[in-house]
Amino acid sequence: MKGDPLKLTSIGADISGNDVSCSYSLIKNIENDIHKLLDIGAHKAALTNITGDDVVISAFVNDNDLEIINKAIVQILKENAENIGDIAGISKTPEGAGEGISYAEASISQDRYPDAVILAFDTYGGEPFVKNVVKSSIDAATGMDNVTDIGGGANGTVKIPGVGYVSDETDDPVVAATIEDIESVGVVAGAMVGSALGNKNVYLVKRGTPSNVIPGSVILSVSAYMNGNVMDLAVPLAERMRILG
């Protein structure tokens, strides 16, 4: 809501019953529970990314509500999990942190509508070079005009407010950039995706696409989260990048 100091929080997890895709029932069940986040104070909330066997729930929240919303997001993931997967990596202490959920948090400029670009990555075999891919996308957005903040892709143990600790060993990271001007959404998304695709064996996919790629690869989805509305940018970006003539 315009004028309110908000943050974007995005939490991603592999809770699918297989290693390739997310079932229709898993997606539908999560979407049916999103209202729980609105009921406890989230301004907007949505299932923003579905990438291979990973899902990302994102919400625009007041700073004071960040912990309770994060905890509720994890609870939704846990209650709907076909496989406990990444949830098991959460620890109450840094020492016990394991490979777990992915987290991105970014500030939003006051007096702006909450808009963001969210990238979610998936690997089949935990390919370690995904960290380089994530770094490329973050570096591309860093310092760009109308980018308020960038979250995700942390190195070292990550403290997730209201949830606990996870290690940085996730192979399914999420990155979010908050945007101050609607016409900059495509510019920033294009820069982040283009930089990621410049790495070896990285493929852009539509929201909900299974990870049907040769093992040793990374797939990524890209969503614009515009004042609570989710737009899959994979197809329009791919169309823009076509060679004409």
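Refer to the structure printed above.
Let us look at the structure shown here.

The rules behind the values
Each chain has its residues counted from 1, running along the sequence as written. Two thresholds apply to this predicted model, a pLDDT of at least 70 for residue-level local features and 80 or more for giving and counting side-chain atom pairs, whereas whole-chain, interface and lining totals are computed over all residues. The side-chain figures draw on all heavy atoms in the structure; neither hydrogens nor water molecules are used. Only DSSP runs of H or I covering at least 4 residues are called helices, and only runs of E covering at least 2 are called strands; the numbering of each starts at the N terminus. The quantity called the radius of gyration is restricted to C-alpha atoms. Its globule counterpart is 2.2 Å times the number of residues to the power 0.38. Throughout this description, buried means an accessible area under 20% of the type-specific maximum (1.4 Å probe, protein chains only), exposed means over 50%, and partly exposed covers the range between. Accessible surface area values rest on a Shrake-Rupley calculation with a 1.4 Å probe, where residue burial reflects the displayed protein chains alone. The sign given to each residue is positive for Lys and Arg and negative for Asp and Glu; His and the chain ends receive no count. Throughout, a charge is located at the NZ atom of Lys, the CZ atom of Arg, the CG atom of Asp or the CD atom of Glu. Here, nonpolar core refers to any group of buried Ala, Val, Leu, Ile, Met, Phe, Trp, Tyr and Cys residues whose side-chain atoms link them within 4.5 Å. Residue contacts follow a heavy-atom distance rule, with two residues in contact if any of their heavy atoms lie within 4.5 Å. An axis is simply a line fitted to the C-alpha atoms; with a helix, the fit covers only the stretch in contact. Between two such axes, the angle follows the N-to-C directions and lies from 0 to 180 degrees. Here a crossing is taken to be left-handed if its near helix is turned anticlockwise relative to the far helix by less than a right angle, and right-handed if that turn runs clockwise. Three classes are used, and their members are as follows: Ala, Val, Leu, Ile, Met, Phe, Trp, Tyr, Cys and Pro are nonpolar, Asp, Glu, Lys and Arg are charged, and the others, Gly among them, are polar. Classification of ring pairs uses Phe, Tyr and Trp, with its six-membered ring standing for Trp, and accepts pairs whose centres are within 6.5 Å; under 30 degrees between planes counts as stacked, over 60 as edge-to-face, and the remaining range as tilted. Counting as a charge over the ring demands two things of the Lys NZ or Arg CZ atom: a distance within 6 Å of the ring centre and an angle within 35 degrees of the ring normal.

**Details of the overall build of the protein**
Item 1. A tally of helices and strands in the protein yields 6 helices and 12 strands.
Item 2. Relative to the compact-globule value of 18 Å for 245 residues, the protein shows a C-alpha radius of gyration of 16 Å, a close match.
Item 3. Overall size of the protein, expressed as C-alpha extent along the three principal axes, is 55 × 45 × 35 Å.
Item 4. By residue count, 50% of the 245 residues in the protein fall in the buried class.
Item 5. As displayed, the protein offers around 10,800 Å² of accessible surface, 48% of which is attributable to carbon and sulfur atoms.
Item 6. Here the protein contributes 17 positively and 33 negatively charged side chains, and the mean placements of these two sets differ by 2 Å.

**So, the nonpolar core**
Item 1. By size, the foremost hydrophobic cluster in this structure holds 30 residues, and its most contacted members are Ile 15, Ile 30, Leu 37, Ile 57, Leu 77 and Ile 101.
Item 2. At the level of elements, β1 (6-14), α1 (24-33), β2 (44-51), β3 (54-62), α3 (66-80) and β7 (158-160) are the ones that each hand at least two residues to this core.
Item 3. Broken down by element, the residue count for this core peaks at 7 residues, all from α3.
Item 4. Ignoring anything within four residues of it in the chain, the contact list for Ile 57 reads Thr 9, Ser 10, Ile 11, Ile 30, Ile 34, Leu 37, Ala 46, Leu 47, Ile 73, Ile 76 and Leu 77.
Item 5. One finds Val 117, Met 192, Val 193 and Ala 224 within the second-largest nonpolar core, a separate group that totals 27 residues.

**Observations regarding the packing of α1 against α3**
Item 1. The interhelical angle for the contact between α1 and α3, taken along N-to-C directions, is 145°, at an axis separation of 10 Å. The hand of the α1/α3 crossing is right-handed. Contacts between α1 and α3 pair Leu 26, Asn 29, Ile 30 and Asp 33 from the former with Ile 76, Glu 79 and Asn 80 from the latter.
Item 2. In the contact of α1 with α3, the residues fall into 3 nonpolar, 2 polar and 2 charged.

**Observations regarding the packing of aromatic side chains**
Item 1. Summed over the entire model, instances satisfying the criterion amount to 1 aromatic pair.
Item 2. Here the basic side chain of Lys 200 rests over the ring of Phe 129, its NZ or CZ set 5.0 Å away from the ring centre.

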